[in-house]
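Overview (structure and organization)
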Amino acid sequence: MLNDRLKRQIYSSGLYDCLCDPYDKHNTGDQYGSIMDDLDRFAQMIAEECASIAYNTAKDGDAAAQAILYEFDVDGARSQK
């Protein structure tokens, strides 16, 4: 289901390894403490991919891409509006 570019990005960013081998990122004693942070990174990658597609294909691609980035607050998009 994932395209090859996104798969490469997941592997190269280390996200795949983080999801397969979670760790106590926040030192709370929870060995799965990193999972939510890693899922957040994954969701951000998906939102960025969708914004890129919208930017390149929609009639008003810039507005469509910005709406996606805003909705998911990618890179602080909400504070920039």
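What comes next concerns the included structure. Only a predicted model underlies this, so the values are computations on that prediction, with no experimental measurement involved.

Side note on the nonpolar core
Counting residues in hydrophobic clusters, the biggest one holds six residues: Ala47, Ala51, Ala65, Leu69, Val74 and Ala77. Breaking this core down by element, the ones donating at least two residues are helix H3 (35–57) and helix H4 (61–71). With sequence-adjacent residues up to four places away left out, alanine 65 is seen in contact with Ala51, Ala54 and Tyr55.

Let's talk about H3
With 23 residues, H3 extends 33 Å between its outermost C-alpha atoms, agreeing within 8% with the 33 Å of an ideal straight helix rising 1.5 Å per residue. Regarding H3, the residues found buried are Asp38, Met45, Ala47, Glu49, Ala51 and Ala54. Looking at the buried positions of H3, the neighbouring elements they touch are helix H1 (4–12), helix H2 (15–20) and H4.

What about the pattern of salt bridges?
Enumeration according to the criterion identifies three salt bridges in this entry. Notably, a salt bridge pairs glutamate 49 with arginine 5, separated by 2.7 Å at the nearest N-O pair. A residue pair is termed long-range when its members are at least 10 positions apart, and glutamate 49 in helix H3 and arginine 5 in helix H1 qualify at 44 residues. Measuring nitrogen to oxygen at the nearest pair gives 3.6 Å for the salt bridge that ties lysine 25 to aspartate 37. Note that lysine 25 is positioned in the loop between H2 and H3 and aspartate 37 in helix H3, a separation of 12 residues in sequence.

Here's the deal with the environment of serine 79
Looking at where serine 79 falls in the secondary structure, it is placed in helix H5 (residues 77–80). Judged by its relative accessible area of 65%, serine 79 is exposed. Each C-alpha atom, one on serine 79 and one on tyrosine 23, is 31 Å from the other, the two residues being 56 residues apart in sequence. A polar contact of 2.8 Å, which involves the side chain of serine 79, links it to the backbone oxygen of glycine 76.

Observations regarding H1
Where H1 begins, the capping side chain belongs to asparagine 3, and its oxygen is found 3.2 Å from the backbone nitrogen of arginine 5. Phi for glycine 14, located one or two positions after H1, is positive at around 85°.

What to know about the packing of aromatic side chains
Tallied over the full model, the rule gives one aromatic pair. Arranged with centres 4.8 Å apart and planes meeting at 55°, the rings of tyrosine 11 and tyrosine 16 form a pair that is tilted. Classification of tyrosine 16 as partly exposed rests on a relative accessible area of 39%. The positively charged end of arginine 78 is found above the aromatic ring belonging to tyrosine 70, 5.4 Å away from the centroid.

Scoring rules and cut-offs
- Residues numbered from 1 in each chain as written.
- Predicted model: local features only at pLDDT ≥ 70, side-chain atom pairs only at ≥ 80, totals over all residues.
- Heavy atoms only, no water.
- Core = buried A, V, L, I, M, F, W, Y, C linked by side-chain atoms within 4.5 Å.
- Buried < 20%, exposed > 50% of the residue type's maximum accessible area, 1.4 Å probe, protein only.
- Helix = DSSP H or I, 4+ residues; strand = E, 2+ residues; numbered from the N terminus.
- Contact = heavy atoms within 4.5 Å.
- Expected span 1.5 Å × (residues − 1).
- Salt bridge = Lys/Arg side-chain N within 4 Å of Asp/Glu carboxyl O.
- Polar contact = N/O pair within 3.5 Å; in protein donor to acceptor, adjacent residues only side chain to side chain.
- Phe/Tyr/Trp six-rings, centres within 6.5 Å; stacked < 30°, edge-to-face > 60°.
- Lys NZ or Arg CZ within 6 Å of the ring centre and 35° of its normal.

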